[in-house]
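What follows is each chain in one-letter form.
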Amino acid sequence: MAGLVHSIEELVGHTPLMELDRFERQQRCKAHLLAKLEYFNPTGSVKDRAALSMLNAAEEAGWLQPGGTIVEQTSGNTGIGLAAFAAERGYRLEVFLERGASLERRLLLQAYGVRLLDYKDATGERPETERTHPWQEPEREATLEEIAAYCRRTGAYFNNQAANPANPEAHYRTTGPEIWQDTEENVDVLVCMAGTGGTGFGTARYLREQNPALKVVLVQPHPDSRLTAEHPDVPIIDGVLPVYGVPENELSDYLRPEWSDECINVRTGEAYETAYAVLHAEGLFLGTSAAAALYAAVQVSRRPENQGKNVVVILPDNGMKYLSTPMYRRR
């Protein structure tokens, strides 16, 4: 029958691009503020695109065998996307969960049967017989080298989204073309979060091929909104990493400043205020990173030089995974 789908994989992509008319007026924007609503993907985030692309690439390369185990390091959304497609295809998934992940993300991963690991599992400090431990926030994250060693030891496939070319390729093939088509081939500025870099790198690469004058603005957490030894309990913007002002050896393969034109620092509190404002202007219920990206897009859209231009902002997910955080608790 026409219109039926037979797999959640068919629901990935083709997300709407919405002009935020009421919010534009309230925020005194001079540009057209166009929001790519990525929470319309099947597990609720932009990471579904990369998860499906990386899984397909691993199967095509023969790195995954039926019933095999996938390992990933993630703040949640990539893991949730992988978990859905792994469940559909009969794979097991183990996740080294990054610090600061919201309760909802942990519960979603566990609902899919994902085993949550930390650095003690990677280094062998926790024996296999004790790996049924309940999740507790670790004092540090496992390094990529430790995770790779764990995979060699256990025979699992390390997906490694930070260095996996199928991550940005998903956005080069889908996200960029969708935006270009929906704007009728008229994009002036792209605003996106600095996560693993896959979304921005792939989307910007495609759009720059169409419009070499495209300006790309990366958004990163302000130093006040990053987990540090001095501030271990500060509210953070989940899954978002700094890229400007970071030593080159600490950057991922795709999260690098040279493919963007500027960077805007956003505090977690500014993201929260933006989320509240757009919720009551447009009814959009955004996650922390989406609200941070939107905050930055507003700053760009207010600039006189962007009068009448199209500013596209990628909104990675919605607020459903953040209800346990202070984000929507009004004082």
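In case you missed it, the structure is sitting above this.
Quick summary incoming for the structure in this document. (Residues numbered from 1 in each chain as written. Predicted model: local features only at pLDDT ≥ 70, side-chain atom pairs only at ≥ 80, totals over all residues. Heavy atoms only, no water.)

Some details on the overall build of the chain
Part 1: A count of helical and extended segments in the chain gives ten helices and ten strands.
Part 2: Out of the 331 residues in the chain, the part that is buried amounts to 56%.
Part 3: The long-range share in the chain, meaning contacts at least 24 apart out of those at least 6 apart in sequence, stands at 71%.
Part 4: Across the chain, the centroid of the 33 positively charged side chains sits 4 Å from that of the 46 negatively charged ones. (Helix = DSSP H or I, 4+ residues; strand = E, 2+ residues; numbered from the N terminus. Buried < 20%, exposed > 50% of the residue type's maximum accessible area, 1.4 Å probe, protein only. Contact = heavy atoms within 4.5 Å. Lys, Arg positive; Asp, Glu negative; His and termini not counted. Charge placed at Lys NZ, Arg CZ, Asp CG, Glu CD.)

A few points about the sheet that holds strand 7 (residues 189–193)
Part 1: The six strands lie next to each other as 1-2-10-7-8-9, forming an open sheet whose pairing is mixed. Each edge of the open sheet is held by one strand with a lone partner, namely strand 1 (17–19) and strand 9 (262–266). For this sheet the average axis-to-axis angle between neighbouring strands, irrespective of direction, equals 25°.
Part 2: Across five bridges, the pairing between strand 8 (residues 215–221) and strand 9 is parallel. Paired with V219 across the strands is I264, a residue of strand 9.
Part 3: Helix 10 (residues 288–301) contacts strand 2 (32–37), strand 7, strand 8, strand 9 and strand 10 (310–315) of the sheet and is inclined by roughly 170° relative to strand 10. (Pairing = 2+ DSSP bridges. Axes fitted to C-alpha atoms, helices over the stretch in contact; angles between N-to-C directions.)

Here's the deal with the packing of helix 3 (residues 77–89) against helix 4 (residues 103–111)
Part 1: Relative to each other, helix 3 and helix 4 sit at 20°, their axes nearing to 9 Å. Overall, the two elements helix 3 and helix 4 adopt an arrangement that is roughly parallel. The hand of the helix 3/helix 4 crossing is left-handed. Contacts between helix 3 and helix 4 involve N77, G79 and I80 on the former and, on the latter, R105, L108 and L109.
Part 2: Partitioning the contact of helix 3 with helix 4 into residue classes produces three nonpolar, two polar and one charged. (Parallel < 35°, antiparallel > 145°, perpendicular 65-115°, else oblique. Left-handed = near helix turned anticlockwise from the far one by under 90°. Nonpolar A, V, L, I, M, F, W, Y, C, P; charged D, E, K, R; others polar.)

Some remarks on helix 9 (residues 268–282)
Part 1: When the terminal C-alpha atoms of helix 9 are compared, their 21 Å separation across 15 residues agrees well with the 21 Å that a helix rising 1.5 Å per residue should span.
Part 2: All of the buried residues in helix 9 are T268, A271, Y272, T274, A275, V278, A281 and E282.
Part 3: Lining the buried residues of helix 9 we find strand 1, helix 1 (21–26), strand 9 and helix 10.
Part 4: Looking one or two places after helix 9, you find G283, whose phi comes out positive at around 75°. (Expected span 1.5 Å × (residues − 1).)

Quick word on the nonpolar core
Part 1: Counting residues in hydrophobic clusters, the biggest one holds 40 residues, and the most contacted among them are L33, V191, L286, L294, V313 and L315.
Part 2: Counting residues per element, the ones that place at least two in this core are strand 2, strand 7, strand 8, strand 9, helix 9, helix 10 and strand 10.
Part 3: By residue number, the principal contributor to this core is helix 10, which donates nine residues.
Part 4: Those residues in contact with L286 that lie beyond four places of it in its chain are Y39, V278, A291, L294, L315, D317, N318, G319, M327 and Y328.
Part 5: With 22 residues, the next largest nonpolar core counts A58, A83, F85 and L93 among its residues. (Core = buried A, V, L, I, M, F, W, Y, C linked by side-chain atoms within 4.5 Å.)

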